[in-house]
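# Examination of the molecular architecture
Read off the chains here:
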Amino acid sequence: GDVYKRLGIKCVMYEGDRPGAGKKVMERLDPHLAHDWGGEIPGPDVPIKNFSAAWQGLLVVPRSGTYLFRARRRGGMRLMVGSTAVVNDWKDNEAWEDGRPVMLRAGTTPIALAYFNKQDKPAAQIYWTGPDFMLRRLGDGDLVHKAKEIELAAPWSDPAAVAVAPGGGAGPGK
């Protein structure tokens, strides 16, 4: 049978530069992993400098094959896809970085992003390319989570649900 999951990825933000070590200041579902906050705060009660975040959920893999992830960031970042560290640069700097190519099977696979920032203009953006599509931001239906209780991040107001069938595919009723 289908396993029902919510669109988006769970995000927890903390004070300090180590996810989980500082005071938790916010928890929500983010629709994507492409954040450039510029000079804005990432969320209520989150400091503009010296904060960290952890995103966890499932990546919806449309087709078996090789996928490449690319990161743009201001701060340190570690991206895990399944058990593979695709991006692993825990230095507070600004960079575009190509991650390691990873073979994925159609369906869902765990994804986790750890991030910290000590700069004025935080950014944590993940893009990916696969067998059937060119480089695009990671989100817009690519990410799901089983968390009903977490408040949705703006600009989301519709708690849309998606059915993910074993073996792949995402969308209402699939």
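Refer to the structure above for everything that follows.
Each chain has its residues counted from 1, following the order in which its sequence is written. Whole-chain, interface and lining totals are the exception, using all residues; otherwise, since this is a predicted model, local features are given only for residues with pLDDT of at least 70 and side-chain atom pairs are given and counted only at 80 or more. The side-chain figures draw on all heavy atoms in the structure; neither hydrogens nor water molecules are used.

## Some words on the environment of Gly-99
Our working definition: Secondary structure follows DSSP: runs of H or I at least 4 residues long count as helices, runs of E at least 2 residues long count as strands, and numbering of each begins at the N terminus. Only protein chains enter the accessibility calculation, which uses a 1.4 Å probe. A residue is then buried if its area is under 20% of the maximum for its type, exposed if over 50%, and partly exposed in between.
Locating Gly-99 in the fold gives a position in the loop between strand 7 (84–98) and strand 8 (102–104). Under the relative-accessibility criterion, Gly-99 is labelled buried at 10%. For the pair Gly-99 and Val-86, spaced 13 residues apart in the sequence, the C-alpha separation amounts to 4.9 Å.

## Topic: the environment of Ser-83
Note on placement: Ser-83 falls in the loop between strand 6 (65–81) and strand 7. For Ser-83, a relative accessible area of 71% gives the class exposed.

## Examining the nonpolar core
Test applied: The term nonpolar core refers to a set of buried residues drawn from Ala, Val, Leu, Ile, Met, Phe, Trp, Tyr and Cys, joined through side-chain atoms within 4.5 Å.
Membership of the largest hydrophobic core comes to 32 residues, with the highest contact counts inside it found for Met-13, Trp-55, Leu-59, Phe-69, Leu-79, Ile-126 and Leu-138. Elements supplying a minimum of two residues to this core: strand 2 (9–15), strand 3 (24–30), strand 5 (51–61), strand 6, strand 7, strand 8, strand 9 (107–117) and strand 10 (123–130). By residue number, the principal contributor to this core is strand 6, which donates 6 residues.

## A word on unusual backbone geometry
Even without being glycine, Asp-45 reaches a positive phi, approximately 65°. Take Asp-45: it is sitting in the loop between strand 4 (34–36) and strand 5. When its relative accessible area of 63% is taken as the criterion, Asp-45 is described as exposed. At Asn-50, a position not held by glycine, the phi torsion is positive, near 60°. As for its position among the elements, Asn-50 is in the loop between strand 4 and strand 5. Taking relative accessible area as the criterion, Asn-50 reaches 36% and is therefore assigned partly exposed.

## Concerning the pairing of strand 6
Walk down a regular strand and you will see the side chains alternate between the two sheet faces. To keep things clear, this is the line we draw: Two strands pair under a simple rule: DSSP has to find at least two bridges between them.
Within strand 6, 12 of the 17 residues are buried, leaving the element largely enclosed by the surrounding structure. Taken together, the 3 bridges between strand 6 and strand 8 define a ladder with antiparallel strand orientation. Each bridged residue has a counterpart across the sheet, and for Gly-65 the counterpart in strand 8 is Leu-104. For strand 6 and strand 10, the ladder comprises 7 bridges, and the chain directions are antiparallel.

## Re the packing of aromatic side chains
Stated precisely, the cut-off is as follows: Each Phe, Tyr or Trp ring (for Trp, its six-membered ring) is paired with any other whose centre lies within 6.5 Å, and the angle between the two planes then decides the class: stacked below 30 degrees, edge-to-face above 60, tilted in between. The rule for a charge over a ring is simple: NZ of Lys or CZ of Arg within 6 Å of the ring centre, and within 35 degrees of the ring normal.
The full count for this structure, using the stated rule, is 9 aromatic pairs. When the ring of Trp-37 is compared with that of Phe-51, the centres are 5.9 Å apart and the planes differ by 80°; the resulting orientation is edge-to-face. Within this pair, whereas Trp-37 is found in the loop between strand 4 and strand 5, its partner Phe-51 is found in strand 5, the two being separated by 14 residues in sequence. Members of the aromatic cluster, each reached through a chain of ring pairs, are Tyr-67, Phe-69, Trp-128 and Phe-133. Cation over ring: Arg-78 sits above Trp-90, and NZ or CZ is 4.9 Å from the ring centre.

## A closer look at the pattern of salt bridges
Threshold: Whenever a carboxyl oxygen of Asp or Glu lies within 4 Å of a side-chain nitrogen of Lys or Arg, that contact is scored as a salt bridge.
Evaluated as defined, the whole model comprises 13 salt bridges. A salt bridge links Lys-24 to Glu-27; its shortest N-O distance comes to 3.2 Å. Residue classification places Lys-24 among the partly exposed residues on the basis of a relative accessible area of 47%. What makes Glu-27 partly exposed here is its relative accessible area of 30%.

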